[in-house]
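# Close look at the chain arrangement
Here is what each chain is made of, one letter per residue.
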Amino acid sequence: MRWRVGVLLGVAAACLPASVLAHDGRFEESGDLVHALGVWSFDAPGVVLLGLAVALNAWAYRRLRRTTPSFRFARWYVRAFGTGGLLMLVGLISPIDSYSDDLIWANMLQHVLSTLAIAPLLLLAPPVTQ
């Protein structure tokens, strides 16, 4: 029951407009590291959809393990999918995304993260095909 309340609170927080979170998407070119780490862009639909995909994958894995005890589906598949989702979240709402429009290295970091880390992790977590 507690996890359902947490999910509901997470969805509610994801749907808050950026102005309520005291972030308007703009930042000063101050060069201050503390300020730079505090600039998070928050895309509510993307966060909700990503959370839904990870939750559905974990739910399907748990249900399959419960209903079919003889089925061997390694737990690291789910961990790989969750890690890929977490890295996707970091790449798309962290300061990396906020600075990717202005700094080419931040944009390239997003590309490298998505091609060399996120995609292989998601591919390592195969869907159930039996």
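Each value, and the rule that gives it
- Residues numbered from 1 in each chain as written.
- Predicted model: local features only at pLDDT ≥ 70, side-chain atom pairs only at ≥ 80, totals over all residues.
- Heavy atoms only, no water.
- Patch = residues over 30% accessible without salt bridge, like charges linked within 9 Å, V, L, I, M, F, W, Y side chains within 5 Å.
- Areas by Shrake-Rupley, 256 points an atom, 1.4 Å probe, with all protein chains shown as cover.
- Salt bridge = Lys/Arg side-chain N within 4 Å of Asp/Glu carboxyl O.
- Helix = DSSP H or I, 4+ residues; strand = E, 2+ residues; numbered from the N terminus.
- Axes fitted to C-alpha atoms, helices over the stretch in contact; angles between N-to-C directions.
- Parallel < 35°, antiparallel > 145°, perpendicular 65-115°, else oblique.
- Left-handed = near helix turned anticlockwise from the far one by under 90°.
- Contact = heavy atoms within 4.5 Å.
- Nonpolar A, V, L, I, M, F, W, Y, C, P; charged D, E, K, R; others polar.
- Expected span 1.5 Å × (residues − 1).
- Buried < 20%, exposed > 50% of the residue type's maximum accessible area, 1.4 Å probe, protein only.
- Bend = angle between axes of the 7 residues up to and from the residue.
- pLDDT = per-residue confidence, 0-100.

Bringing a nonpolar patch on the surface into the picture now. On the surface, a nonpolar cluster with roughly 500 Å² of combined accessible area is contributed by Leu103, Ile104, Trp105, Met108 and Leu109. Mapping Met108 onto the fold places it in helix α6 (residues 104–124).

The N-to-C vectors of helix α4 (residues 75–93) and α6 enclose an angle of 160°; their axes lie 7 Å apart at closest approach. Classified by the interaxial angle, the pair formed by α4 and α6 is roughly antiparallel. The handedness of the crossing between α4 and α6 comes out as left-handed. Packed against α4, whose contacting residues are Trp76, Tyr77, Ala80, Phe81, Thr83, Gly84, Gly85, Leu87, Met88, Gly91 and Leu92, the element α6 presents Gln110, Leu113, Ala117, Ile118, Leu121, Leu122 and Leu124 at the interface. Classifying every residue of the contact of α4 with α6 gives 13 nonpolar, 5 polar and no charged.

Moving on, we get to α4. Helix length check: α4 (19 residues) gives 27 Å between terminal C-alpha atoms against 27 Å at 1.5 Å per residue, within 8%. When we look at burial in α4, the residues that qualify are Val78, Ala80, Phe81, Gly84, Gly85, Gly91 and Ile93. Where the residues of α4 are buried, they touch α3 (44–67), α5 (95–99) and α6.

Before going further, it helps to spend a moment on α6. What sets the pattern is the α-helix's 3.6 residues per turn: residues three or four places apart point alike. In this model α6 runs 29 Å from its N-terminal to its C-terminal C-alpha over 21 residues, within 8% of the 30 Å that 1.5 Å per residue would give. In the structure, α6 departs most strongly from a straight axis at Ser114, where the bend amounts to approximately 35°. Summarising the contacts, the buried residues of α6 are in contact with α4 and α5.

Next up on the list: the confidence of the model for the protein. Detailed reading of the predicted model is not advised wherever pLDDT is low. The share of residues in the protein with pLDDT of 70 or more is 70%, and the mean pLDDT across the chain is 76. Looking at the elements of the protein, mean pLDDT is at its lowest for helix α1 (residues 2–14), recorded as 61, and at its highest for α6, recorded as 90. Overall, residues 17–25 carries pLDDT values under 50, and its contacts beyond four positions in sequence, including any with other chains, amount to 6 contacts.

Below, the discussion takes up the side chain of Ser94. With respect to the element layout, Ser94 can be found in the loop between α4 and α5. Exposure remark for Ser94: the relative accessible area of 4% places this residue in the buried category. Ignoring any residue separated from it by four or fewer positions in sequence, one finds Ser94 in contact with Val39, Trp40, Ser41 and Leu89.

Where α3 meets α4, the axes come as close as 10 Å, and the angle between the chain directions of the two elements is 175°. When the interaxial angle is binned, α3 and α4 end up roughly antiparallel. Of the residues in α4, those in contact with Val47, Leu50, Ala53, Val54, Asn57, Ala58, Tyr61 and Arg65 of α3 are Arg75, Val78, Phe81, Gly82, Gly85, Met88, Leu89 and Ile93. Broken down by class, the residue content of the contact of α3 with α4 amounts to 11 nonpolar, 3 polar and 2 charged.

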